[in-house]
Amino acid sequence: MSPAQHKLRVSESWTMDGQKRKDFKLLESAKRVTVTEHVSQGFSSEDSGAVEESVAGRGGADGSADAAGSRVIEIAELLKSYVCMREPARVQEILTSMRNSGSSTLQVISDFDMTLTRFAHNGKRCPTCHNILEDDRLISEACKAELENLLNTYYPIEIDCTRSAEEKLPLMVEWWTKAHDLLVQQKIKKDDLAHVVRESEAMLRAGYQEFFHHLNVTCVPLLIFSAGIGDVLEEVIRQAGVFYSNVKVVSNYMDFDESGVLRAFKGQLIHIYNKREGALLNTQHFQELHSRSNVLLLGDSLGDLNMADGVTDMQNILTIGYLNDKVDERKQSYLNSYDIVLVKDESMDVPNAILRYITGR
């Protein structure tokens, strides 16, 4: 049989529902996808010349290069049009090593807002933990306006790729501090939080149930590292029914007085660009997981890449970045920093597929 008969080239038909279903069936039966190693400017399944499906099973089962100099990618979801990888061969090497080590060596570290939660739904932005508090029951119209002004001032700075993290850091502290001071002035009542979360439009990403459930049943620890508000975050996952015992949250927590009224925020401020310091402050957590030397990290900003800095004796880390906004300006910096970049993806499909692959279930 000729080489042309051995391979089925992946093309734009992946974006059409009917053809996609047909291709996925073939992938499931073949269990092989080869990716050429010369990719350097960012790989996605739209680059049809760089991705070929090996119907005849070419390539080693361990992910090694075959005679044609290709690597085997064994997860079909990594071929979706919104998935980009600068070094797909390296991604497969990490995945293979993690799978060989088993789920007992794995831990997951994730951001929350716009990572585990959706960035948008039906064309409308979804609220962050801070946004959820912008409810008439909790804060005044004047406070809402001031918080909106802060967002419009500082968010463009947060996502500005032309500024260094060092330049952004004091400005992020300024933003979070001003926002928290405004919230404290509103004398928010603890008893109102559950109702406000329930009435909000906050949404976890599609497939979140599988993500949390899979980690729970396989006893894989999940550390949620958030610059949001921990009390709100916990209420979101509690109401979603996924606040399992394997979940630990590191975030900004409210300090309520004896009557349940907000009077301050506890401890050190956690913002998007000091997660490294936050990670190092939680060394006891990581020391307790010293045998879990493989890390799956999920984030939506470059600052999230520091969340695993407290992990000891790390063997492998695989990083997944959700690129939600300003794609053209930020895509290259994300490709240079994250192993896998998910462009405008509102689902947990890729993390779930990777977890199934690593854990073998």
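Values in this document were obtained by computation on a predicted structure and should not be read as measured data.

Q: Quick rundown of the overall build of the protein? Include the residues and the values.
A: Across its full length, the protein carries 13 helices and 16 strands. Taking contacts inside the protein between residues at least 6 apart in sequence as the whole, the part at least 24 apart equals 71%. Total accessible area on the protein stands at roughly 16,000 Å², and carbon and sulfur atoms take up 47% of it.

Q: Run through the pairing of strand β16 (residues 340–343), naming residues and quoting values.
A: Side chains of β16 alternate between two faces, with Ile 340 and Leu 342 and Val 341 and Val 343 buried alike. Chirality of the crossover, the property in question, places the unit of strand β15 (residues 316–323), helix α12 (residues 327–337) and β16 among those that are right-handed.

Q: Describe in detail the confidence of the model for the protein, supporting the description with residues and values.
A: With 78% of its residues at a pLDDT of at least 70, the protein reaches an overall mean of 82. Here residues 1–41 is modelled with pLDDT under 50, and outside its nearest four sequence neighbours on either side it reaches 87 contacts, counting other chains as well.

Q: Could you give an account of the packing of aromatic side chains, with specific residues and numbers?
A: What describes a pair of aromatic rings is the distance from one ring centre to the other and the angle between the planes of the rings. Here the structure, examined in full by the defined rule, presents 4 aromatic pairs. Centre to centre, the rings of Tyr 154 and Trp 175 are 5.9 Å apart; their planes meet at 10 degrees, and the pair counts as stacked. Highlighted residues: Tyr 154 in helix α5 (residues 141–158) and Trp 175 in helix α6 (residues 165–185), separated in sequence by 21 residues. Overall, Tyr 154 belongs to the buried group, its relative accessible area being 5%. Their ring planes at 65 degrees and their centres at 4.8 Å tell us that Trp 175 and Trp 176 sit as a pair that is edge-to-face. In this structure Trp 176 comes out as buried when scored by relative accessible area, which is 10%.

Q: Please give an account of α6 that cites residues and values.
A: Between its first and last C-alpha atoms α6 spans 30 Å; for 21 residues at 1.5 Å apiece the expected length is 30 Å, and the two agree. Looking at α6, one finds that the buried residues are Lys 168, Met 172, Trp 175, Trp 176, Ala 179, His 180, Leu 182 and Leu 183. The inward-facing, buried residues of α6 abut α4 (129–132), α5, β10 (222–229), β11 (247–252) and β13 (262–265). Among the residues trailing α6, Lys 187 stands out with phi positive, at a value near 50 degrees.

Q: Describe the packing of helix α3 (residues 88–101) against helix α13 (residues 349–359), with residues and values.
A: Packing of α3 against α13 brings their axes to within 7 Å, and their N-to-C directions diverge by 50 degrees. Here α3 lies oblique to α13, going by the angle between them. Residues Gln 92, Leu 95, Thr 96, Met 98 and Arg 99 of α3 touch α13, and the partners they reach there are Ile 354, Tyr 357 and Ile 358. The residue inventory of the contact of α3 with α13, partitioned by class, reads 5 nonpolar, 2 polar and 1 charged.

Q: I'd like to hear about α3, residue by residue, with values.
A: For α3, spanning 14 residues, the distance from its first C-alpha to its last is 20 Å, which sits close to the expected 20 Å at 1.5 Å a residue. Within α3, the full set of buried residues consists of Pro 88, Ala 89, Val 91, Gln 92, Ile 94, Leu 95, Thr 96, Ser 97 and Met 98. Looking one or two residues beyond α3, the residue adopting positive phi is Gly 102, at roughly 90 degrees.

Q: Residues and numbers for the pattern of salt bridges, please.
A: For the coordinates displayed, the defined rule picks out 16 salt bridges. Residue Glu 201 pairs with Lys 124 through a salt bridge whose shortest N-O separation is 3.0 Å. One end of the pair, Glu 201, is in the loop between α7 (193–199) and α8 (208–217); the other, Lys 124, is in strand β9 (residues 124–125), and 77 residues separate them in sequence. Notably, a salt bridge pairs Glu 174 with Lys 178, separated by 3.9 Å at the nearest N-O pair. With Glu 174 and Lys 178 both in helix α6, this residue pair falls 4 residues apart, about one helical turn.

Q: Tell me about the side chain of Ser 301, and please be specific about residues and values.
A: Inspection of the secondary structure assignment puts Ser 301 in the loop between β14 (294–299) and β15. Apart from the residues within four sequence positions on either side, Ser 301 is in contact with Ile 272, Tyr 334 and Tyr 338.

Q: Kindly report on the environment of Ile 340, identifying the contributing residues and their values.
A: Within the element layout of this structure, Ile 340 appears in strand β16. Remark: the alpha-carbon pair of Ile 340 and Glu 87, spanning 253 residues in sequence, is separated by 8.7 Å.

Q: Outline the environment of Leu 78, supporting the account with residue identities and numerical values.
A: For Leu 78, the location among the structural elements is in the loop between β5 (70–73) and β6 (83–85). Looking at Leu 78, the relative accessible area reads 1%, which means it is buried. Residues Leu 78 and Pro 351, 273 residues apart in the sequence, show an inter-C-alpha distance of 9.9 Å.

About the cut-offs
- Residues numbered from 1 in each chain as written.
- Predicted model: local features only at pLDDT ≥ 70, side-chain atom pairs only at ≥ 80, totals over all residues.
- Heavy atoms only, no water.
- Helix = DSSP H or I, 4+ residues; strand = E, 2+ residues; numbered from the N terminus.
- Contact = heavy atoms within 4.5 Å.
- Areas by Shrake-Rupley, 256 points an atom, 1.4 Å probe, with all protein chains shown as cover.
- Buried < 20%, exposed > 50% of the residue type's maximum accessible area, 1.4 Å probe, protein only.
- Right-handed = clockwise from strand over helix to strand, strands pointing away.
- pLDDT = per-residue confidence, 0-100.
- Phe/Tyr/Trp six-rings, centres within 6.5 Å; stacked < 30°, edge-to-face > 60°.
- Expected span 1.5 Å × (residues − 1).
- Axes fitted to C-alpha atoms, helices over the stretch in contact; angles between N-to-C directions.
- Parallel < 35°, antiparallel > 145°, perpendicular 65-115°, else oblique.
- Nonpolar A, V, L, I, M, F, W, Y, C, P; charged D, E, K, R; others polar.
- Salt bridge = Lys/Arg side-chain N within 4 Å of Asp/Glu carboxyl O.

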